[in-house]
There are 4 protein chains.
Amino acid sequence: MEYVIFGESHGPAIGVTLTGVPAGLELDLDALQAQLDRRAPGKDATATARRESDAVHILSGVFEGKTTGAPLAMVIRNADQHSGDYDALRYTPRPSHGDYPGFIASQGCQDHRGGGHFSGRLTAPLVAAGAVARQVLAGRGVTVASHIAIIAGIWDSPFETREELEALAGQPFPVLDPEAGEKMRGAILEAKGQGDSVGGAVECAVFGLPAGLGAPDFGKNVEGVFAQHLFAIPAVKAVEFGAGSAFAYHRGSQANDPLAVRDGAVVTETNLAGGINGGITNGMPVVFTATFRPTPSIALPQRSVDLRTGEEVEIAIKGRHDPCVVPRAVPVVEAAAALAACQVLGI
Amino acid sequence: MEYVIFGESHGPAIGVTLTGVPAGLELDLDALQAQLDRRAPGKDATATARRESDAVHILSGVFEGKTTGAPLAMVIRNADQHSGDYDALRYTPRPSHGDYPGFIASQGCQDHRGGGHFSGRLTAPLVAAGAVARQVLAGRGVTVASHIAIIAGIWDSPFETREELEALAGQPFPVLDPEAGEKMRGAILEAKGQGDSVGGAVECAVFGLPAGLGAPDFGKNVEGVFAQHLFAIPAVKAVEFGAGSAFAYHRGSQANDPLAVRDGAVVTETNLAGGINGGITNGMPVVFTATFRPTPSIALPQRSVDLRTGEEVEIAIKGRHDPCVVPRAVPVVEAAAALAACQVLGI
Amino acid sequence: MEYVIFGESHGPAIGVTLTGVPAGLELDLDALQAQLDRRAPGKDATATARRESDAVHILSGVFEGKTTGAPLAMVIRNADQHSGDYDALRYTPRPSHGDYPGFIASQGCQDHRGGGHFSGRLTAPLVAAGAVARQVLAGRGVTVASHIAIIAGIWDSPFETREELEALAGQPFPVLDPEAGEKMRGAILEAKGQGDSVGGAVECAVFGLPAGLGAPDFGKNVEGVFAQHLFAIPAVKAVEFGAGSAFAYHRGSQANDPLAVRDGAVVTETNLAGGINGGITNGMPVVFTATFRPTPSIALPQRSVDLRTGEEVEIAIKGRHDPCVVPRAVPVVEAAAALAACQVLGI
Amino acid sequence: MEYVIFGESHGPAIGVTLTGVPAGLELDLDALQAQLDRRAPGKDATATARRESDAVHILSGVFEGKTTGAPLAMVIRNADQHSGDYDALRYTPRPSHGDYPGFIASQGCQDHRGGGHFSGRLTAPLVAAGAVARQVLAGRGVTVASHIAIIAGIWDSPFETREELEALAGQPFPVLDPEAGEKMRGAILEAKGQGDSVGGAVECAVFGLPAGLGAPDFGKNVEGVFAQHLFAIPAVKAVEFGAGSAFAYHRGSQANDPLAVRDGAVVTETNLAGGINGGITNGMPVVFTATFRPTPSIALPQRSVDLRTGEEVEIAIKGRHDPCVVPRAVPVVEAAAALAACQVLGI
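Below is a short write-up of the structure. The model shown is predicted, which means the values in this text are computed figures rather than measured ones.

How each quantity is defined
- Residues numbered from 1 in each chain as written.
- Chains lettered and ligands numbered in written order.
- Predicted model: local features only at pLDDT ≥ 70, side-chain atom pairs only at ≥ 80, totals over all residues.
- Heavy atoms only, no water.
- Helix = DSSP H or I, 4+ residues; strand = E, 2+ residues; numbered from the N terminus.
- Rg over C-alpha atoms; globule rule 2.2 N^0.38 Å.
- Buried < 20%, exposed > 50% of the residue type's maximum accessible area, 1.4 Å probe, protein only.
- Contact = heavy atoms within 4.5 Å.
- Areas by Shrake-Rupley, 256 points an atom, 1.4 Å probe, with all protein chains shown as cover.
- Lys, Arg positive; Asp, Glu negative; His and termini not counted.
- Charge placed at Lys NZ, Arg CZ, Asp CG, Glu CD.
- Pairing = 2+ DSSP bridges.
- Axes fitted to C-alpha atoms, helices over the stretch in contact; angles between N-to-C directions.
- Salt bridge = Lys/Arg side-chain N within 4 Å of Asp/Glu carboxyl O.
- Buried area = accessible area lost by both parts, 1.4 Å probe.
- Polar contact = N/O pair within 3.5 Å; in protein donor to acceptor, adjacent residues only side chain to side chain.
- Nonpolar A, V, L, I, M, F, W, Y, C, P; charged D, E, K, R; others polar.
- Least-squares fit on C-alpha atoms with pLDDT ≥ 70 in both.

1. Quick notes on the overall build of chain A
Phase 1: What chain A contains, in helices and strands, is nine helices and 17 strands.
Phase 2: Here chain A has a C-alpha radius of gyration of 21 Å; the compact-globule value for 347 residues is 20 Å, and the two agree.
Phase 3: Projected onto its principal axes, the C-alpha coordinates of chain A cover approximately 70 × 50 × 35 Å.
Phase 4: By residue count, 64% of the 347 residues in chain A fall in the buried class.
Phase 5: Restricting the contact set of chain A to residue pairs at least 6 apart, pairs at least 24 apart contribute 71%.
Phase 6: Accessible area of chain A: about 11300 Å², with a carbon and sulfur share of 51%.
Phase 7: Across chain A, the mean location of the 27 positive side-chain charges is 5 Å away from that of the 38 negative side-chain charges.

Here you go:
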């Protein structure tokens, strides 16, 4: 399956075309919409105040409730727009946002309203595409689950079993350690109160992928496939598999996952490799962590440049922004993972 | 440019085809071979004892010293092979190596000798392809440089200027802080003495890319392009841009790079974003870190499974293996970065 | 630029996403719609009676009248639907139509109404995408023009100059020889009167492409690029460049195009090669012919199979169908050619 | 499977990398070489006098006689080179050959000796890749066979059964009608005697592809996939499916293939559509014709331009050239068809 996401935050609509969908899948539209609702803003005080119904309209590729195999197009109309909030910043790019490079790339023609095509809102069609992917995967016994691993330097407990991770499904703030979760929320609200934002990370696992998928080669290795999907999520700045960057502290004797036999199947006793050796799945869960930078749009004054005059200026960003994108990013990461898993499976 | 790497560690030859090479490039073969020599084993006690000349033979795509634009094929013959070292492990995969998933993916038909197609030796053609890419980039004022950021938990100093990083070019163990370098080497030799291995990371920068390259979209965002190239290097398990996973500890007010004007050009005062905002280059150096797991092939006894009988067994790996791949991986990371930079430039 | 066409004849909408559009193009929406209107049905007695406004709605990628470089999504709503016409044929595929293989490919789930995703109506978004491509090309001095070369075995005069071909732009039945055109129309109406249909061909030229585009290699040779775009048009069964299949009758001494110098430029005195040698443009117009099969949907009784019972049956097709798709296919061929030309130009 | 062909006619070697080969295929090297031998020159008086052993050396991807799934690289060394024959033409391009556009595309840097990368000799690695594809297909009951359909305007009988076409396998001059074959050979020799060349066409069929492969969409429709493979063969200027360009003379009532049931399977009574409806296989043989232009390299004097001076000149081509490429092109067409069939099958 390949997807193309289109739309701008304050344009008429956003959407996605998804090609290569297997025919004959009975598409559960409620489940699809439920994924969108997980990502939707306005669920609690830690998120943006923007309200969008995010109702998905299917334009093609589904007939009598089943996928036909033809391209599946989904559209979400934009509604609650305060475009005026953004005019002041049209020529004074927000630091660490796509504004400045987007201005250059588009030759000054980008839709600047609400981040335009760079808006986090564009993750809604990604979640929709991922929701289709999840339903395709479910028919093969593959599931995706995740938790908030870290926010503002506060860590959740590591996950140990598929069951405990899947038990978090659908929670708006999925953590394994409720106490850590409370601290994270506190840190978000504190930052918000100060006109600031915080970063964090999502740890995600794909369960049920058989051993032998992928190849060591460019374009085919499983880490590369997942990474390409994950870095397409705005604000992701690091992707790690298994122990990830901690491998730089390890010895081989600690880092290697011993092979063993359980119930007649070859497994590894630990899964520090995140289910991938030599670019190929080894049958263990594919586990990775995606780190999100703090929301660059903060209320505190910042230094920018007026692109018309070339003068340095100070800006203050209005508009509605999440002080931390991580909670709402959880279903987005899972969507990207589901799309990556389909690619790895050759779907 | 697109590349296909072929070959097995103990087959007749390894090599690469590189398509889309711009015509008319005066190819400096000495500079190309010099990149190969950086990667070649046997330079000091921290590396494998295998000796290979790694002489590159160009089969096509170059005429009278210049690239023709036709596919450029390069071959490196294999010579110093101790294939017998590997027969004992044919059906008892080394933990955390590609052996087991490779066995499954190839239906038991992989060339097991010396890691076959999974061998680190396959990075030699990658370096060759990258050496061509570097020469293409040089004509556009783009350079790639890097240092060992961390080995066995020991950190090098962070890099601050293009000059200090480029000054390391060609060093077999490039670090900015010689004292840290000594400690790293000590840690490698200590692990080696104990039949063990260590992991680490390379920090790399691409200088000279203009602002405005890339797009936020899947397949086009700069982080995703680089990550796909980097994860195609064996043993890379994490890729981070700019502050990377440390963003999970930051606030927006710390993490944002203020915009400023220097010599008439828009720049950022810091470069925590690693030269990329919204998936697009912002004109600052593209900076990333690639983490390498400890070499899985260690002399210490390890638990494995006999794939013929399904019984758990203990194995001891013979053969010649780097106790730490990081020093030799430096030119490999740079090669992958050069190829990624070409892709981002539309070359 | 890459495009994805979605939609079904009787679904809520059809459309296209177009990625890689250069930023900063002032999009002429009237010119875009004019291309759609050329393709629209209902202009004369030789075409289907179906009426559709085919108004294009742009959902993204255009801001303040200019392309932004972000994906450009266009949607055309479906309106005039007689879905009931098709229910009788749901399980009795029309001979030589996509019905039967579509049934198999979709596991019986395709939208059968009006041909679903196989409908000629899906060429409307192709024309829309091509209209954008034409505007991109116009900025580079590249134009596309064509005429009806043959219908029902009746040939138009061969084209000789760019001017005479461009003079046909916008005509609903573009032929160089009006008398031949009258005969063609007569043949179409005669077939229609007998419940039958006829085939034909469009000859098309792309003017202004510089020499040196393309390569002999798979995926890059100019003939292959054009052919892939052209065969994506429903009912195209042959694609020929220059003299095309007539080369099988020629000698080299007749078929070779002598090189010459005109106004300081290297040209060929004839253009039997259709502007392409060795898979690369030679600076002459790229000229090709696309042959369209007769519309398979005819009123005459035909033999089919009931896919539920496996019994042979006789069917009679109702609904509204063009007795010859060629006149309306002219702008479709030009659209595909414009998209191919952009690909060849690396746009 | 994807392939990259590299090499130049008079360079050290030509070859191909083939990726995505299924693992576990017992590769019949004799059968592979036999395909190469079909294409090799020097078998009779109608062909070039150049002698090449065309022995294929496998560098990777095969271990203990079986494919491993890793990239399969094959190399053929060049031996019998008369490079001096070509120096006279370095700056005076042969009409209708790749010389002139290749000069422009390569910025004057192409290897001009023997046509360089444009040489028909580059079809040898294509045949090698196709030979692997044929063996992959054989395991799925899919075969490829063909005959010379036309040379110099002389037609062979049309093929009617799989058996009669397969009976031609391996013949150096495969025709169904021996008398037509004699006339074709006479026409070739006559042209050769006059320093001239002739064109022709190959009709090819792929048997055994199941119904339901492909899609109507760009990049997926079966005609487009085959055409892209076929136009990558030098000198192919037209590709037609089924009745092809003759559809322009037909009525729907003649051109439609009635559906019927035979032995419980849905078939078509005729196969004018060439096994493809709506871009999808319908279970009948995929039948197509590829037309080859007359060899542009003829001994007769021709007009060219000296690219150094811009003056018009007359040239006479020496060197060894086939007066008709069609007989030797038969295995090349089959190779391209086999690679296309694998792509259509998702291999």
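2. Some points on the sheet that holds strand S3 (residues 56-58) of chain A
Residue and element names in this part refer to chain A.
Phase 1: Within the open sheet, the four strands sit side by side as S1-S2-S6-S3. Their pairing is antiparallel. Edge positions in the sheet fall to strand S1 (2-7) and S3, since each has one partner strand and no second. Ignoring strand direction, the axes of neighbouring strands in this sheet form an average angle of 20°.
Phase 2: Taken together, the three bridges between S3 and strand S6 (residues 72-77) define a ladder with antiparallel strand orientation. Note that in S6 the partner of Ile58 across the bridge is Met74.
Phase 3: Against the sheet, helix H4 (residues 123-138) contacts S1, strand S2 (13-19), S3 and S6, and its axis sits at roughly 30° relative to S2.

3. Quick look at the pattern of salt bridges
Phase 1: Taken as a whole and judged by the stated rule, the model has 67 salt bridges over all chains.
Phase 2: Here Arg94(B) makes a salt bridge to Asp99(B), at a shortest N to O gap of 2.7 Å. Across the pair, exposure class does not vary: Arg94(B) and Asp99(B) are buried alike.
Phase 3: Arg251(C) is paired through a salt bridge with Asp196(D); the nearest N and O atoms lie 3.8 Å apart. In this pair, Arg251(C) is assigned in the loop between strand S10 (236-241) and helix H8 (252-255) and Asp196(D) in the loop between helix H6 (178-193) and strand S9 (200-207), connecting two distinct chains.
Phase 4: A relative accessible area of 7% places Asp196(D) in the buried class.
Phase 5: Each of Arg262(A), Glu269(A), Arg303(B) and Glu312(B) takes part in a single network of salt bridges with overlapping partners.

4. Regarding the interface of chain A and chain B
Phase 1: Listed per partner, the contact involves 91 residues of chain A and 91 residues of chain B.
Phase 2: Roughly 6900 Å² of surface becomes buried between chain A and chain B when both sides are summed, with 58% attributable to carbon and sulfur atoms.
Phase 3: Of all residues in chain A, Phe218(A), Lys237(A) and Leu259(A) give up the largest surface area on contact with chain B, accounting jointly for 11% of the area buried on that side.
Phase 4: For the pair chain A and chain B, the interface holds ten salt bridges.
Phase 5: Of the charged contacts, one joins Arg303(A) and Glu269(B) as a salt bridge, the two residues approaching to 2.7 Å between their closest N and O atoms.
Phase 6: Applying the counting rule to chain A against chain B returns 46 residue pairs in polar contact (both at pLDDT 80 or more).
Phase 7: Its residues placed into classes, the side of chain A that touches chain B shows 45 nonpolar, 32 polar and 14 charged.
Phase 8: In this structure, strand S10 (residues 236-241) of chain A lies alongside strand S10 (residues 236-241) of chain B, joined through three bridges in antiparallel fashion. The residue bridging Ala238(A) from the neighbouring strand is Glu240(B), located in S10(B).

5. Observations regarding the interface of chain C and chain B
Phase 1: If you look at the interface, chain C gives five residues, while chain B gives five residues.
Phase 2: When the two sides are added together, the surface that chain C and chain B hide from each other amounts to roughly 270 Å², 41% of it contributed by carbon and sulfur.
Phase 3: Class assignment of the residues belonging to the side of chain C that touches chain B gives a composition of one nonpolar, two polar and two charged.

6. Describing the relation of the copies chain A and chain B
Phase 1: Mapping chain A onto chain B is achieved by rotating through 180° and translating by 0.0 Å along the same axis, at an RMSD of 0.0 Å. Such values leave the two copies arranged in the relation of a two-fold axis.
Phase 2: Counting the interface residues of chain A, we find that 100% of their copies in chain B are interface residues as well, pointing to one common contact surface.

7. Some remarks on the sheet that holds strand S9 (residues 200-207) of chain A
Think of a sheet as strands paired side by side through backbone hydrogen bonds, with each pair either parallel or antiparallel.
Phase 1: Taken in spatial order, the ten strands of this open sheet run S8(A)-S7(A)-S9(A)-S15(A)-S10(A)-S10(B)-S15(B)-S9(B)-S7(B)-S8(B), and their pairing is antiparallel. The sheet terminates laterally at strand S8 (154-155) of chain A together with strand S8 (154-155) of chain B, the two strands that pair on one side only.
Phase 2: Summarising the sheet, strand S7 (residues 143-151) of chain A and S9(A) pair through eight bridges and their orientation is antiparallel. Bridging across to S9(A), Ile151(A) finds its partner in Gly200(A).
Phase 3: Against the sheet, helix H9 (residues 326-344) of chain B touches strand S7 (143-151), strand S9 (200-207) and strand S15 (286-292) of chain B, its axis set at about 140° to S7(B).

As far as function goes, none of this settles anything; it's purely spatial.
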